[in-house]
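Coordinate analysis (summary)
So the chains spell out like this:
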Amino acid sequence: LGVDDAVAGADVVYADSWMSYGIDAQARAARFDALLPFQVTTDLMRLAKPGAKFMNCLPAMRGEEQTADVIDGPQSIVFDQAENRLHAQKALLSLLIHGTVA
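Everything numeric in this text was worked out from a predicted model, so none of it was measured. (Residues numbered from 1 in each chain as written. Predicted model: local features only at pLDDT ≥ 70, side-chain atom pairs only at ≥ 80, totals over all residues. Heavy atoms only, no water.)

1. Topic: the side chain of Q39
Definition in use: Numbering goes from the N terminus for both helices and strands, where a helix is a DSSP run of H or I of at least four residues and a strand is a run of E of at least two. Pairs of N or O atoms are called polar contacts if they sit within 3.5 Å, as long as, within protein, a hydrogen donor faces a hydrogen acceptor (for residues adjacent in sequence, only side-chain-to-side-chain pairs). Whether two residues are in contact is decided by their heavy atoms: any pair within 4.5 Å suffices.
Position of Q39 among the secondary structure elements: in the loop between α2 (25-35) and α3 (42-45). At a separation of 3.0 Å, a polar atom in the side chain of Q39 contacts the main-chain carbonyl oxygen of G63. Non-local contacts of Q39, meaning those with residues more than four positions away in its chain, are made with W18, L44, G63, E64, E65, Q66 and T67.

Following this line, the structure appears as structure tokens:
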């Protein structure tokens, strides 16, 4: 399967970071070149279902795993996703510290 086949008809397109902290410039360039064919673009999102959502667990680099028009576009729910994760993490901390979820 190719990238187009994987996205065709999808309800959600999910990207993750391509880079790790502390990666040297040569490895970064090689990784970027290897992963660029998988970049989520507006054209790629058009292959998904109408109304499909774009997600990324953050941090996200515009121009790397997705283009700026995708992450900042109307199909993107990355900041809603981050907010939901924040509340889930707060509930987990409350449970671990206090033994209950407030």
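2. Describing the pairing of strand β1 (residues 12-15)
In regular strands, side chains alternate between the two faces of the sheet. For clarity, the threshold we go by: Only protein chains enter the calculation, and the probe is 1.4 Å; a residue is then buried if its accessible area is under 20% of its type maximum, exposed if over 50%, and partly exposed in between. At least two bridges found by DSSP between two strands are what make those strands a pair.
Residues V13 and A15 point to one face of β1 and are all buried, whereas V12 and Y14, pointing to the other face, are not buried. In this sheet, strand β2 (residues 53-56) lies alongside β1 in parallel orientation, the contact comprising four bridges. By the bridge assignment, V13 is partnered in β2 with F54.

3. Section: the environment of D11
Position of D11 relative to the elements: it lies in the loop between α1 (3-7) and β1. Its relative accessible area of 48% is what places D11 among the partly exposed residues. Residues contacting D11, with those up to four places away along its chain left out, are K49, A52 and K53. Of the polar contacts made by the side chain of D11, one reaches the side chain of K49; its length is 3.1 Å.

4. Re a nonpolar patch on the surface
We apply this condition: Within this analysis, patches are made of residues with over 30% relative accessible area and no salt bridge. Like charges are joined at 9 Å or less; nonpolar side chains (Val, Leu, Ile, Met, Phe, Trp, Tyr) at 5 Å or less. Working definition of accessibility: Shrake-Rupley area with a 1.4 Å probe, residue cover restricted to the visible protein chains. One side-chain nitrogen of Lys or Arg within 4 Å of one carboxyl oxygen of Asp or Glu is enough to make a salt bridge.
A cluster of nonpolar side chains, L92, L93, L95, L96, I97 and V101, forms an exposed patch at the surface whose accessible area comes to about 600 Å². Position of L96 among the secondary structure elements: in helix α5 (residues 78-98). For L96, a relative accessible area of 62% gives the class exposed.

Shape is all these values report; function is a separate question.
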